[in-house]
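# An overview of the molecular structure
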Amino acid sequence: MLRKTKNYQNNYAPRVVSVGPYHHDHNNLKLQRMQELKPRITSKLVSDDQQLLEDLHERLFQKVKQLRDCYEEKSTNEYNDDEFIRMMLVDGCFILYFINYFTEHKEHKVEIKYYNVAFIRQDLFLVENQLPFLVLKEL
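Here is a short report on the structure shown in this document. (Residues numbered from 1 in each chain as written. Predicted model: local features only at pLDDT ≥ 70, side-chain atom pairs only at ≥ 80, totals over all residues. Heavy atoms only, no water.)

### Topic: the pattern of salt bridges
Going by this rule: Take a side-chain nitrogen of Lys or Arg and a carboxyl oxygen of Asp or Glu: if they are within 4 Å of each other, that pair is a salt bridge. Segments assigned H or I by DSSP are reported as helices when at least four residues long, segments assigned E as strands when at least two residues long, and all are numbered from the N terminus. Throughout this description, buried means an accessible area under 20% of the type-specific maximum (1.4 Å probe, protein chains only), exposed means over 50%, and partly exposed covers the range between.
According to the stated counting rule, one finds five salt bridges in the structure shown. Asp 91 is the partner of Lys 38 in a salt bridge, and the nearest nitrogen-oxygen pair spans 2.7 Å. Taken together, the residues Lys 38 in helix 2 (residues 29-45) and Asp 91 in helix 5 (residues 81-103) connect sequence positions 53 residues apart. Of the two residues, Lys 38 and Asp 91, neither departs from the other in class, the shared state being buried. Arg 59 is paired through a salt bridge with Glu 138; the nearest N and O atoms lie 3.1 Å apart. On the criterion of sequence distance, the pair formed by Arg 59 in helix 3 (residues 50-61) and Glu 138 in helix 7 (residues 133-138) is long-range, its members being 79 residues apart. Overall, Arg 59 belongs to the partly exposed group, its relative accessible area being 40%.

### Focus: unusual backbone geometry
A positive phi is found at Ser 47, a non-glycine position, where the angle reads about 55 degrees. Mapped onto the fold, Ser 47 is located in the loop between helix 2 and helix 3. According to the relative accessible area criterion, Ser 47 is exposed, its value standing at 60%. Positive phi is not limited to glycine here, since Lys 74 has a value of about 75 degrees. Following the sequence through the fold, Lys 74 ends up in the loop between helix 4 (64-68) and helix 5.

### Description of the packing of aromatic side chains
So the rule is basically this: Paired rings are identified among Phe, Tyr and Trp, the last through its six-membered ring, by centres lying within 6.5 Å, and are further divided according to the angle between planes into stacked (under 30 degrees), edge-to-face (over 60) and tilted (the rest). Two limits define a charge over a ring: the Lys NZ or Arg CZ must be within 6 Å of the ring centre, and within 35 degrees of the ring normal.
This structure, assessed with the given rule, holds three aromatic pairs. When the ring of Tyr 22 is compared with that of Tyr 71, the centres are 5.5 Å apart and the planes differ by 80 degrees; the resulting orientation is edge-to-face. Taken together, the residues Tyr 22 in the loop between helix 1 (9-12) and helix 2 and Tyr 71 in the loop between helix 4 and helix 5 connect sequence positions 49 residues apart. On the numbers, 6.4 Å between centres and 15 degrees between planes, the contact of Phe 94 with Phe 98 is stacked. With Phe 94 and Phe 98 both in helix 5 and four residues apart, the pair spans about one turn of that helix. In this structure, Phe 94 and Phe 98 share a single accessibility class: buried. Among the aromatic residues, ring-to-ring pairing joins Tyr 22, Tyr 71 and Phe 84 into one connected group. Here the basic side chain of Arg 68 rests over the ring of Phe 84, its NZ or CZ set 4.6 Å away from the ring centre.

### Concerning the side chain of Ser 75
What counts, and what does not: Here, residues are in contact when the closest pair of their heavy atoms is within 4.5 Å.
As for its position among the elements, Ser 75 is in the loop between helix 4 and helix 5. Those residues in contact with Ser 75, other than ones at most four positions away along the chain, are Pro 21 and Tyr 22.

### Remarks on the nonpolar core
The condition is simple: Here, the term nonpolar core denotes a set of buried Ala, Val, Leu, Ile, Met, Phe, Trp, Tyr and Cys residues that are joined through side-chain atoms within 4.5 Å.
Residues Met 34, Leu 67, Phe 84, Met 88, Ile 112 and Ile 120 are the most contacted members of the largest nonpolar core, which totals 33 residues. Mapped by element, the contributors of at least two residues to this core are helix 2, helix 3, helix 4, helix 5, helix 6 (114-123) and helix 7. Per-element accounting of this core gives the leading share, 12 residues, to helix 5. Dropping the residues within four chain positions of it, Ile 112 is found in contact with Met 34, Leu 37, Ile 41, Phe 94, Tyr 97, Phe 102 and Ile 120.

Don't take any of this as a statement about function, it's just geometry.
Next up, the structure:
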C-alpha cells in the first residue's frame, strides 16, 4: 500500500545510512560515506578490543537463523552467514554509537557531519531500513 503512494521512496529509501540487508548496496554513492565509517565506528564502540569484537560476532553468529528469519524469505540469500552477521554487527554498532553519542549529546570520536544527523535519524526509522532488536540486545 505504501509503495503505491506518490513519494513512496520517502518511506523506504535511506538518504545517508542504510542498515540491514534491504539497502545494503555498496554501489549507492549517497550511502557510501557512512558505509565506510561503520567499521571505524564499530572499532571505537568496542574500544579497539579485537577479542570483544570476535565475541560479539560469535554471539550473533549463534543466532544467525533467528536473525535471518526476521527478514522476508530469500531476501538475505545473497549473503553467506559470516557476511550477514558482519553486516548485523557493524550496523548494530552504528545504531548504538549514534544513540550514545548523538542523542545523549556526548562528544563523538568519528566524523559524522552534524548536517547528516537529522537524515540519519530519519533513515533509522524507515520501514525497510531496520535491524532486529535482538541484534541491539546482544550487542
